[in-house]
Amino acid sequence: MVTKNFQILAVFSLLSILAVGGGTAVLPEMKHLTIEAHPWLTDAEFRDIYSLGQLAPGPNMLMVVVIGFHIAGIAGAMLAFFGFFLPSGLITWGTSRVWDHFEKSPWRECLQKALAPVIVGLMAAGLIAIARTTISNELTIVIAVSTFVLLYFGRKINPALLIIGGGIVGVFFLR
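Just so it is clear, the structure is predicted and the values come from calculations on it, not from any experiment. (Residues numbered from 1 in each chain as written. Predicted model: local features only at pLDDT ≥ 70, side-chain atom pairs only at ≥ 80, totals over all residues. Heavy atoms only, no water.)

### What about helix H7 (residues 159–173)?
To keep it simple, the criterion reads: The numbering of helices and of strands both runs from the N terminus, where a helix is a DSSP run of H or I of at least 4 residues and a strand a run of E of at least 2. Given a helix with a known number of residues, its expected span is that number minus one, times 1.5 Å. Within 3.5 Å is the distance limit for a polar contact, defined as a pair of N or O atoms, with the added protein rule that one can donate a hydrogen and the other accept it, and that residues adjacent in sequence qualify only through two side-chain atoms.
Across its 15 residues, H7 extends 21 Å between first and last C-alpha, which sits within 8% of the 21 Å expected from 1.5 Å per residue. Looking at where H7 begins, the residue whose side-chain oxygen comes 2.9 Å from the main-chain nitrogen of Ala160 is Asn158.

### Looking at the packing of aromatic side chains
Which entries qualify depends on this criterion: The aromatic pairing rule takes the rings of Phe, Tyr and Trp, using the six-membered ring of Trp, and pairs them if the centres are within 6.5 Å, calling planes under 30 degrees apart stacked, those over 60 edge-to-face and the rest tilted. Burial classes: relative accessible area under 20% of the type maximum marks a residue as buried, over 50% as exposed, and values in between as partly exposed (1.4 Å probe, protein chains only).
By the definition in use, this model includes seven aromatic pairs. Here Tyr152 and Phe153 contribute two aromatic rings whose centre-to-centre distance is 4.8 Å and whose plane-to-plane angle is 85 degrees, an arrangement assigned as edge-to-face. In this pair, the class of Tyr152 matches that of Phe153, namely exposed. Of the aromatic side chains, those joined through ring pairs into one cluster are Phe81, Phe82, Phe84 and Phe85.

### Remarks on the side chain of Thr140
Stated precisely, the cut-off is as follows: We call two residues in contact whenever any of their non-hydrogen atoms come within 4.5 Å of each other.
Following the sequence through the fold, Thr140 ends up in helix H6 (residues 138–153). With a relative accessible area of 9%, Thr140 lands in the buried category. Ignoring sequence-local partners within four residues, the contact set of Thr140 consists of Thr134, Ile135 and Leu174.

### Considerations on the layout of surface pockets
Empty space among the atoms becomes apparent when a probe as large as a water molecule is rolled across them. Filter applied, for reference: Think of a 1 Å grid over the protein atoms and nothing else: a 1.4 Å probe that fits but is trapped marks a cavity, an open set flanked by protein within 12 Å on at least five of seven lines marks a pocket, and residues with an atom within 4 Å of a point count as lining. Grid points are joined across faces, edges and corners, and a volume is the space filled by probe spheres set on the points.
Computed from the structure, the largest pocket encloses a volume of approximately 1,400 Å³. Around the largest pocket sit 36 residues that line it, and Ser51, Ile130, Thr134, Ile143 and Ile163 are the ones nearest its centre. Counting only elements with at least two residues in the lining of the largest pocket, the list comes to helix H3 (43–55), helix H5 (106–134), H6 and H7. When residues of the lining of the largest pocket are assigned to their parent elements, the largest contribution, eight residues, is made by H7.

Given below as structure tokens:
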């Protein structure tokens, strides 16, 4: 059990450090580590936990707590939480101190502009990883395209309503 707890802490600490641009950026690696490298979850469980994280209020990356709980109960939930949020929080705090010190430096603006496409790419990789897990047949393609169209072209549609709607369609037509 100690080994599994150490693995949980190590996996989520690594993901924390890699989470440049937010938690979505590490979804492909999180999926790989929790399904393939350490067979703690199935594709369906990962998809369901991710969906729950999107629906629940608050930061969607609190899904790491649910993953940790699934793996090793309360201890796993705590280790996943602290492993995922503490390292990046400390790095952010330290970096912000240096960042503020070089407020007028020209390299700061260059660095910001250079990191923007990297962050967009990482977020796109997260989107692709989730799409590969969730889009599996014609109906899920229709749900995904409809959701995109409604979010992109619709005015002030609450994404939670689309998640609930997709879930209802899934319950009646996919189970």
